[in-house]
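Coordinate inspection notes
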Amino acid sequence: MPYRVCKTIDIESGHMLSKHPGKCKFPHGHTRKVEFVLEAEHLNRNEMVCDFLVVKEVIGDYLEVLDHAICVNTADPAYPELHARYGDRIISFENEDPTTEVMARLIFQTFAKRLTDYSARLDKSYPLDGKVRLVSVKVWETASSWAEHYSP
């Protein structure tokens, strides 16, 4: 496919990795950059793959849930107390550590489904061809470290 676009959205999120042997097993936070790459064979009637605002419209509310929240493995012994204390600001990861790789996979899967749903809507705010494809989601944990989930 000859055209690709990329949109990034920044969020603040914390996590704790119960399986980690070092400091990362303790709650800590990151300023994360979430990068979405989409592609299309042809440009739409506005000479775009899609408007960058489509990305925000499709996934913005989902990322808002992750923003200023702590992602925790439900198998972590601290999970029940954290969830009781902080409620919906604790994001449950069912029996898996919320590593950056796992977060990239989850965001990719969520975005891909929502993109398909958005494309099928008749009342969408911006045009989106059903052939626009999500290529990858890259989640930056720090300025020098990222994880990516992509469609082969």
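Residues numbered from 1 in each chain as written. Predicted model: local features only at pLDDT ≥ 70, side-chain atom pairs only at ≥ 80, totals over all residues. Heavy atoms only, no water.

**With respect to the layout of surface pockets**
Empty space within the largest pocket amounts to approximately 160 Å³. In terms of lining residues, the largest pocket is bounded by F108, A112, L115, T116, S119, L128, D129, G130, V132, R133, L134 and S151. Ranked by residues supplied to the lining of the largest pocket, first place goes to helix 3 (residues 100-120) with 5 residues. Of the residues in the lining of the largest pocket, the class split is 6 nonpolar, 4 polar and 2 charged. (1 Å grid on protein atoms, 1.4 Å probe; cavity = no way out; pocket = protein on both sides within 12 Å on 5 of 7 lines; lining within 4 Å. Points joined across faces, edges and corners; volume = space filled by probe spheres on them. Helix = DSSP H or I, 4+ residues; strand = E, 2+ residues; numbered from the N terminus. Nonpolar A, V, L, I, M, F, W, Y, C, P; charged D, E, K, R; others polar.)

**Focus on the environment of V34**
Here V34 lies in strand 2 (residues 28-40). With 103 residues separating them along the chain, V34 and V137 place their C-alpha atoms 6.9 Å apart. If we ignore the near neighbours within four places in the chain, the residues touching V34 are K7, T8, I9, I11, I107, V137, K138 and V139. (Contact = heavy atoms within 4.5 Å.)

**Thoughts on unusual backbone geometry**
Of note in this structure, E47 is not a glycine but carries a positive phi near 60 degrees. In this structure, E47 sits in the loop between strand 2 and helix 1 (52-66). Taking the relative accessible area as the measure of exposure, E47 reaches 60% and is therefore exposed. In this structure, H68 is a non-glycine residue whose phi angle is positive, near 55 degrees. With respect to the element layout, H68 can be found in the loop between helix 1 and strand 3 (69-73). With relative accessibility at 57%, the residue H68 sits in the exposed group. (Buried < 20%, exposed > 50% of the residue type's maximum accessible area, 1.4 Å probe, protein only.)

**Description of the pairing of strand 4 (residues 90-93)**
Sheet topology places strand 3 next to strand 4; 4 bridges connect them, and they run parallel. In the sheet register, I70 faces strand 4, and the bridge partner there is I90. Crossover handedness for the path strand 3 to helix 2 (residues 79-86) to strand 4: right-handed. (Pairing = 2+ DSSP bridges. Right-handed = clockwise from strand over helix to strand, strands pointing away.)

**A look at the sheet that holds strand 1 (residues 3-16)**
The mixed open sheet is built from 6 strands, whose spatial order is 4-3-1-2-5-6. The open sheet has two edge strands with one neighbour each: strand 4 and strand 6 (145-150). With direction set aside, neighbouring strand axes in the sheet form an average angle of 35 degrees. Where helix 1 meets the sheet, it contacts strand 1, strand 2, strand 3 and strand 4, and its direction lies at approximately 10 degrees from that of strand 1. Where helix 2 meets the sheet, its contacts fall on strand 1, strand 3 and strand 4, and the angle it forms with strand 4 comes to roughly 145 degrees. (Axes fitted to C-alpha atoms, helices over the stretch in contact; angles between N-to-C directions.)

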